[in-house]
Amino acid sequence: MTETPTDAVPKAQARTPLVELDDVSKYYGNIRALEGVSLEVHAGEISCVLGDNGAGKSTLIKIIAGLHQHDAGAFRIEGDDAKLSSPREALDRGIATVYQDLAVVPLMPVWRNFFLGSEPTKGAGPFRRMDVDFMRETTRAELLRMGIDLRDVDQPIGTLSGGERQCVAIARAVYFGAKVLVLDEPTAALGVKQSGVVLKYVAAARDAGLGVVLITHNPHHAYLVGNRFVLLKRGTMFGSYARDEVTLDELTRQMAGGSELDDLRHELEGR
């Protein structure tokens, strides 16, 4: 009888996706928001979901984040079938979502936003109060651990640049134990330099062992950091590639319209 190598089981387990969508569909009455979309998110990898406005990216985020449930297909978390009922349940399962608007309180200091909704306390009974010193020191240490050196964690978070606020949100998700980090268009409203800063910290989250879902309409940003690419168009998946299966030029061409763009060029040249 042939014995199974001792490392065979751990290797198989290591390849189990943290999150997997298999042929997932979502309908709102007669409106098809998503149909037949598949996605894998692995630890230490960045899976990029690309598409223009109306492609279905927001619906995909809501399913992963627990805001909506899928109507068909399978949604698995670490191999187990799941139907999340709320964002809190998603967070409890290790899925943190950072939306484009970030949901921060601009006039509150950085450390308060870092712990917003999860403030540690000290003391008991009528003497129970927030542990401000712990929050300040922890925020400073966690940001430094991600390579983010802020001037002062007491400054209002609204005084930070858009890229810096995104980086604080990423560091917060890492600190609170996220296994999967979903980023909704983190570079959409940023310039080239700030976009580069955010992508650096997205890569840092990947290197920390998280599985990252990067939602974007920018193929150049996606290709800089991505390991896998899923292309959406009008709620359907029209491309799914590993990094070594597609070039930046081909990814850009497909995002720009592919054959439709060629047809338009021929039509305009004909005129």
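Before any of the text, the structure's been laid out above.
Residues numbered from 1 in each chain as written. Predicted model: local features only at pLDDT ≥ 70, side-chain atom pairs only at ≥ 80, totals over all residues. Heavy atoms only, no water.

*Asks:* Honestly, the packing of aromatic side chains in this entry has me stumped. Any pointers?
*Replies:* Working definition: an aromatic ring pair is given by the centre-to-centre distance plus the angle between the planes. Under the counting rule described, the total for this entry stands at 8 aromatic pairs. Ring plane angle 55 degrees and centroid distance 6.2 Å describe the contact between Phe-115 and Phe-134, whose orientation is recorded as tilted. You can see Phe-115 sitting in the loop between α4 (110-114) and β7 (121-122) and its partner Phe-134 sitting in helix α5 (residues 132-145), a full 19 residues away along the chain. Judged by centre distance (5.7 Å) and plane angle (75 degrees), the ring pair of Phe-115 and Tyr-175 falls under edge-to-face. Pair noted here: Phe-115 is in the loop between α4 and β7 and Tyr-175 is in helix α6 (residues 162-175), with a separation of 60 residues, a long-range link. Directly above the ring of Tyr-223 sits Arg-243, whose terminal nitrogen or CZ lies 4.3 Å from the centroid. (Phe/Tyr/Trp six-rings, centres within 6.5 Å; stacked < 30°, edge-to-face > 60°. Helix = DSSP H or I, 4+ residues; strand = E, 2+ residues; numbered from the N terminus. Lys NZ or Arg CZ within 6 Å of the ring centre and 35° of its normal.)

*Asks:* Can you walk me through helix α7 (residues 192-207) in this structure?
*Replies:* In this model α7 runs 22 Å from its N-terminal to its C-terminal C-alpha over 16 residues, within 8% of the 22 Å that 1.5 Å per residue would give. Residues of α7 that are buried in the fold lie against β3 (46-50), α6, β9 (180-184), β10 (211-216) and α8 (219-225). Positioned one or two residues after α7, Gly-209 has a phi angle of 100 degrees, which is positive. (Expected span 1.5 Å × (residues − 1). Contact = heavy atoms within 4.5 Å.)

*Asks:* How do you make sense of unusual backbone geometry when you look at a structure like this?
*Replies:* What is expected of a backbone is that most residues other than glycine have negative phi and most peptide bonds are trans. With phi around 60 degrees, Asp-23 is a residue other than glycine that occupies positive phi space. On the secondary structure map, Asp-23 appears in strand β1 (residues 19-28). The phi torsion at Glu-78 lies on the positive side, around 50 degrees, for a residue other than glycine. For Glu-78, the location among the structural elements is in the loop between β4 (72-77) and β5 (80-81).

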